[in-house]
Amino acid sequence: MTPCNGKTALVTGASRGIGRATALALAKAGAQVLVHYGHNAAEARSVTDQIKAAGGRAEAVGADLADPQGAHNLAARVREVVGGRLDILVANAGISKAATIEETTPEDFDALFAVNVRAPFFLIQQLLPILKEGSSVIFTSSLAAHAAVGNLSAYAATKGAIDTLVKHFAFILGPKGVRVNAVAPGVVETDMSNLAKTDAGRDLTLGMQALKRVAQPDDIASAIAFLASDAARWVSGDTLRVDGGSKL
Ligand SMILES: NC(=O)c1ccc[n+]([C@@H]2O[C@H](COP(=O)([O-])OP(=O)(O)OC[C@H]3O[C@@H](n4cnc5c(N)ncnc54)[C@H](OP(=O)(O)O)[C@@H]3O)[C@@H](O)[C@H]2O)c1
């Protein structure tokens, strides 16, 4: 038996980066995976093709989570596909913007909170009826919520909000048998991470990490797959640092 055999999973932001690696990891563990994308339908399709080629079950679902109704639309589509039960919800889609306090505009601030906080909040609200005993919700937080790294204060505040939601949702949903956790990656080599793209950024990254290599999306995906699995059945309300020992 694979750890997620027979389970249904939604991974938001699964067209690229950490979400893509997570969708592949959950499919490998046996789950039927809904591969959410925002704008990159072709990328999402390549993920579902890869899963199906390996004998798994997957479907791409699109929704712009910057839209106030985006989470509601996505939840409606998910309920059509999976029916009455969603076992694993990975609320991973996110955006970042490096800017000093002075450079940050109200529009940037609102855009960050819309995608990174409002969307996962309402996605969970809309999916509550199909999160049942044994379901697991995993958010993607960030090292930036706990440590001052880069010019990321507005982005970091969105991840601080996620860590707060983890605790509240875990307490409220615990009596239903639903676990809620987050992973907090450090620097990961994806489209989002500017630090991983330059020699200076890599030096800075390795300088703050105990483990001396730049993280790959799969390093985060395996921690998410752990939190989704029954091996983490007694873990709830926690943000798990998955950052190679950053800023110790
Ligand atoms: N990379 C890092 O160093 C790092 C570190 C700590 C935390 N994180 C967090 O990890 C998560 C994933 O990051 P990543 O590095 O994998 O990012 P990424 O490679 O830039 O991928 C972002 C994903 O989010 C989706 N997305 C973005 N805006 C969206 C919107 N308006 N509507 C719907 N989907 C949207 C994208 O979908 P489309 O391309 O289809 O639009 C894409 O699949 C984020 O929450 C991020 O904050 C990343």
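Whatever comes next refers back to the structure up there.
The following refers to the structure shown. Every value quoted in this text rests on a predicted model; they were computed, and no experiment measured them.

The rules behind these values
Residues numbered from 1 in each chain as written. Predicted model: local features only at pLDDT ≥ 70, side-chain atom pairs only at ≥ 80, totals over all residues. Heavy atoms only, no water. Near = heavy atom within 4 Å. Polar contact = N/O pair within 3.5 Å; in protein donor to acceptor, adjacent residues only side chain to side chain. Areas by Shrake-Rupley, 256 points an atom, 1.4 Å probe, with all protein chains shown as cover. 1 Å grid on protein atoms, 1.4 Å probe; cavity = no way out; pocket = protein on both sides within 12 Å on 5 of 7 lines; lining within 4 Å. Sits in = over half its atoms within 2 Å of the grid points. Helix = DSSP H or I, 4+ residues; strand = E, 2+ residues; numbered from the N terminus. Nonpolar A, V, L, I, M, F, W, Y, C, P; charged D, E, K, R; others polar. Pairing = 2+ DSSP bridges. Axes fitted to C-alpha atoms, helices over the stretch in contact; angles between N-to-C directions. Contact = heavy atoms within 4.5 Å. Phe/Tyr/Trp six-rings, centres within 6.5 Å; stacked < 30°, edge-to-face > 60°. Buried < 20%, exposed > 50% of the residue type's maximum accessible area, 1.4 Å probe, protein only.

1. Digging into the site of the ligand
Taken together, 33 residues lie around the ligand, and Ser-15, Asn-40, Asn-92, Tyr-155 and Thr-190 are the ones closest in. Separating an oxygen atom of the ligand from a backbone N or O atom of Ile-18 is a distance of 2.8 Å. Calculation on the ligand without its partners gives an accessible area of 900 Å², and the protein chains cover 95% of this total. Here the ligand occupies the largest pocket. Contributing elements (two or more residues each) for the shell around the ligand: α1 (17-28), β2 (32-37) and α5 (153-173). A class-by-class count of the residues in the shell around the ligand yields 14 nonpolar, 15 polar and four charged.

2. Some words on the sheet that holds strand β5 (residues 136-140)
The parallel open sheet is built from seven strands, whose spatial order is β3-β2-β1-β4-β5-β6-β7. On the outer flanks of this sheet lie β3 (58-62) and β7 (239-242), each paired with one strand and no other. Recorded for the sheet is a direction-independent mean angle of 20° between the axes of neighbouring strands. Judged from the four bridges that link them, strand β6 (residues 179-185) and β7 form a sheet pairing that is parallel. Opposite Ala-182, over in β7, you have Thr-239 as the bridge partner. Lying on the sheet, helix α4 (residues 106-127) is in contact with β1 (8-11), β4 (88-91) and β5; it crosses β4 at an angle near 165°. Lying over the sheet, helix α7 (residues 217-228) contacts β4, β5, β6 and β7, oriented at roughly 165° with respect to β6.

3. Notes on the packing of aromatic side chains
Evaluated as defined, the whole model comprises four aromatic pairs. For the ring pair Phe-121 and Phe-122, a centre distance of 5.0 Å and an interplane angle of 65° mean the geometry is edge-to-face. The exposure class of Phe-121 is partly exposed, given its relative accessible area of 31%. Overall, Phe-122 belongs to the partly exposed group, its relative accessible area being 26%. Ring centres of Phe-139 and Phe-169 lie 6.2 Å apart, and the angle between their planes is 35°; this geometry places the pair in the tilted category. A residue pair is termed long-range when its members are at least 10 positions apart, and Phe-139 in strand β5 and Phe-169 in helix α5 qualify at 30 residues. On the basis of relative accessibility, which here comes to 12%, the residue Phe-169 falls in the buried class. Through successive ring pairs, a cluster of aromatic residues spans Phe-121, Phe-122, Phe-139 and Phe-169.

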